[in-house]
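Tertiary structure, described
Next come the chains, spelled out residue by residue.
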Amino acid sequence: MNREEMIARVEQRGAEPWDVVVIGGGATGAGVAVDAATRGFSVLLLEREDFAKGTSSRSTKLVHGGVRYLEQGNISLVMEALKERGLLLQNAPHLVHDLPFVVPNYSWWETPFYGIGMKVYDVLAGKYGFGKSRILSKEETLERLPTLKQEGLRGGVVYHDGQFDDARLLIDLIKTAVDHGATVANYMPVVELTKDDEGFVNGVVAQDSETGRKFSVQARVVVNATGIFTDEIRRMDDAQAKTMVQPSQGIHLVLDGSFLRANSAIMVPHTSDGRVLFAIPWHEHTVVGTTDTPIDAPSYEPLPFEQEIEFVLDTAGEYLSHKPTRADVLSVYVGIRPLVKAAGSDSSKTSALSRDHTIHIDQSGLLTIVGGKWTTYRHMAEDTMNHAITLGKLDDKPCVTKDLKIHGYKKGMDPHGDLWVYGSDAEKIQALAQESPELAQQMNPQLPQIAAEVVWAAREEMARTVEDVLARRTRALFLNAHSAVAMAPEAARLLARELGKDDAWANAQVAQFTELAAQYMLEKVNPGKPPEEKKD
Ligand SMILES: Cc1cc2nc3c(=O)[nH]c(=O)nc-3n(C[C@H](O)[C@H](O)[C@H](O)COP(=O)(O)OP(=O)(O)OC[C@H]3O[C@@H](n4cnc5c(N)ncnc54)[C@H](O)[C@@H]3O)c2cc1C
């Protein structure tokens, strides 16, 4: 994946239309690019920032059916997501693994209640099932979760779901699309939609953020897969377009691995204000979250509200024997859900808004795909391309992604081993590390990343900035913001060498990254109050 080569491909194509132009390089857009390319269509994907810069790097990292949606009675969403969970495990076994979740029970009624609920969850998964759920005694619960608060504990229920590294899967999806002939570019915002004489969208104008150059490209179908920015693109088409997306923010706090010391996660099905909270082991750390706070407008780096931080710390403290405090937080990350407003729905209660996806075709022929979940990206892409084929009068070629191996596919990776997230690419990075002792060096004692990963990210994964490398190609910023800042000068030096940049560029990169990282260290919070959520 080389950015210059990708841009050269766009130039060479000139006025010849692409079958599909995808706006947005998150899970949704990458999924569409994979689906289109593997059906044999010509496809161009344009991303305004970096791949996964938006919501798709900020999830809870679950490949799941959604126990909460089961409770809400959205059986079809749960079944669809459970099937997709199974397909993801099958097609990306290097990145998705089975994780046991324990619902700790402190009241007499919880064990039978959740025991039955989880059996239903197992049944709905059918042949795509993960491990079977079962009721645990108090001793078995503590064996699985030694750091759980013991006072009043009666037992628990264990069920199984999937876990993954979201930004890494995104990069592998982009690579899969490229492996099958797609052209992709990051830092290439779409700034305009073009229309033919009859007012149908027939292409886009994109602008290279690095050079300022504009490219006008033609398309048979333009797919708007911009998540929380959906309405921005729709208003390029029709300034009066009604708002479709209600943004809702969710925060996660990342703590040291010692808070869980387990290979199982905790699932709290009902927090004090009726939400679900997870504490999950992830990359040898503990991720706790999340919240569901309606906000007014989308942004790339939303700030956590003080109330959200307190809520997550307090709720985690009710279940963990060692109550976490602000000082224990190694990183905080905030993501925004692109929830679809249904006509007449109450958007002030975002936790009740549907997680189903929506396909919308404007009168101009702009095809928008929005909503859904990371877990269901493949199904969303298939649905989108089925509509695109009709809309763009493309050849009716079948979807092949159900059994498509995702780039990096490799079975048997140890999720605690070195470089495991890279799957089959891991050995290439190891080979790179063997080229010089400099590249084999671990960049910070708190995190496992080695210098070769920076070089790999620049050469093979289109990383253009220190943030790309430390936030998404590796997850350093999300795991430990202080350590990531300590890694920044070395990452900048290596990246500058790879990209042919000078010391001034490297210094500016370090300064920019350091400023961003302050936000992940709880140094900046949203000074306002979150809008009140209506209670049932
Ligand atoms: C807190 C939280 C936790 C979650 N946890 C889970 C979970 O555990 N499991 C799960 O399955 N789902 C989860 N989700 C949902 C999941 O993360 C989202 O559904 C998914 O990431 C949305 O992907 P997307 O591609 O639609 O949006 P995004 O990832 O935001 O991608 C949209 C992209 O469009 C780009 N863009 C915008 N404007 C332009 C333009 N003009 N030109 C070019 N590009 C543009 C943006 O830069 C962005 O990269 C969670 C969501 C949140 C917020």
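Structure's up top.
Please read all numbers here as calculations on a predicted model, not as lab measurements.

The rules we used
- Residues numbered from 1 in each chain as written.
- Predicted model: local features only at pLDDT ≥ 70, side-chain atom pairs only at ≥ 80, totals over all residues.
- Heavy atoms only, no water.
- Core = buried A, V, L, I, M, F, W, Y, C linked by side-chain atoms within 4.5 Å.
- Buried < 20%, exposed > 50% of the residue type's maximum accessible area, 1.4 Å probe, protein only.
- Contact = heavy atoms within 4.5 Å.
- Axes fitted to C-alpha atoms, helices over the stretch in contact; angles between N-to-C directions.
- Helix = DSSP H or I, 4+ residues; strand = E, 2+ residues; numbered from the N terminus.
- Parallel < 35°, antiparallel > 145°, perpendicular 65-115°, else oblique.
- Left-handed = near helix turned anticlockwise from the far one by under 90°.
- Nonpolar A, V, L, I, M, F, W, Y, C, P; charged D, E, K, R; others polar.
- Bend = angle between axes of the 7 residues up to and from the residue.
- Polar contact = N/O pair within 3.5 Å; in protein donor to acceptor, adjacent residues only side chain to side chain.
- Near = heavy atom within 4 Å.
- Areas by Shrake-Rupley, 256 points an atom, 1.4 Å probe, with all protein chains shown as cover.
- Arc of directions from axis to C-beta.

1. What to know about the nonpolar core
- One finds Phe51, Leu169, Leu470 and Leu477 to be the most contacted residues of the largest nonpolar core, which totals 98 residues.
- If near-sequence neighbours (up to four positions away) are discounted, leucine 470 is found in contact with Arg475, Ala476, Leu477, Ala484, Met487, Ala488, Ala491 and Phe513.

2. Focus on the packing of helix α16 (residues 481–499) against helix α17 (residues 503–520)
- At their nearest, the axes of α16 and α17 sit 9 Å apart, and the two run at 155° to each other. One finds that α16 runs roughly antiparallel with respect to α17. Considering how the two elements wind past one another, α16 and α17 form a crossing that is right-handed. Together, Ala481, Ala484, Val485, Ala488, Pro489, Ala492, Leu495, Ala496 and Leu499 of α16 and Trp505, Ala506, Gln509, Val510, Phe513, Thr514, Ala517 and Tyr520 of α17 make up the contact between the two elements.
- Its residues placed into classes, the contact of α16 with α17 shows 15 nonpolar, two polar and no charged.

3. Describing α16
- A maximum bend of about 40° is found in α16 at alanine 488, where proline proline 489 lies one to four positions downstream.
- The backbone nitrogen of histidine 482 lies 3.3 Å from a side-chain oxygen of the residue at the head of α16, namely asparagine 480.
- Just beyond α16, the residue with positive phi is glycine 500, at close to 70°.

4. Observations regarding the site of the ligand
- Neighbouring the ligand are 36 residues, the closest being Glu47, Ser56, Leu62, Tyr300 and Thr375.
- Contacts to the ligand include threonine 55, whose backbone N or O atom sits 3.0 Å from an oxygen atom.
- Here a nitrogen atom of the ligand and a backbone polar atom of leucine 62 are 2.7 Å apart.
- The protein chains hide 97% of the 1,000 Å² of surface that the ligand would expose on its own.
- Contributions of two or more residues to the shell around the ligand are made by α2 (27–38), β11 (245–256) and β16 (331–340).
- The element that contributes the greatest number of residues to the shell around the ligand is β16, accounting for three residues.
- The residue inventory of the shell around the ligand, partitioned by class, reads twelve nonpolar, 18 polar and six charged.

5. Overview of helix α8 (residues 230–237)
- Those residues of α8 that fall on the buried side of the exposure criterion are Thr230, Asp231, Ile233, Arg234 and Asp237. Looking straight down α8, one finds that the buried residues subtend no more than 160° of arc, so they occupy a single side.

6. Observations regarding the packing of α2 against helix α10 (residues 377–391)
- Packing of α2 against α10 leaves a shortest axis separation of 8 Å and a crossing angle of 60°. When the axes of α2 and α10 are compared, the pair comes out oblique. Considering how the two elements wind past one another, α2 and α10 form a crossing that is right-handed. Contact residues: Ala27, Thr28, Gly31, Val32, Asp35 and Ala36 in α2; Tyr377, Met380, Ala381, Glu382, Thr384 and Met385 in α10.

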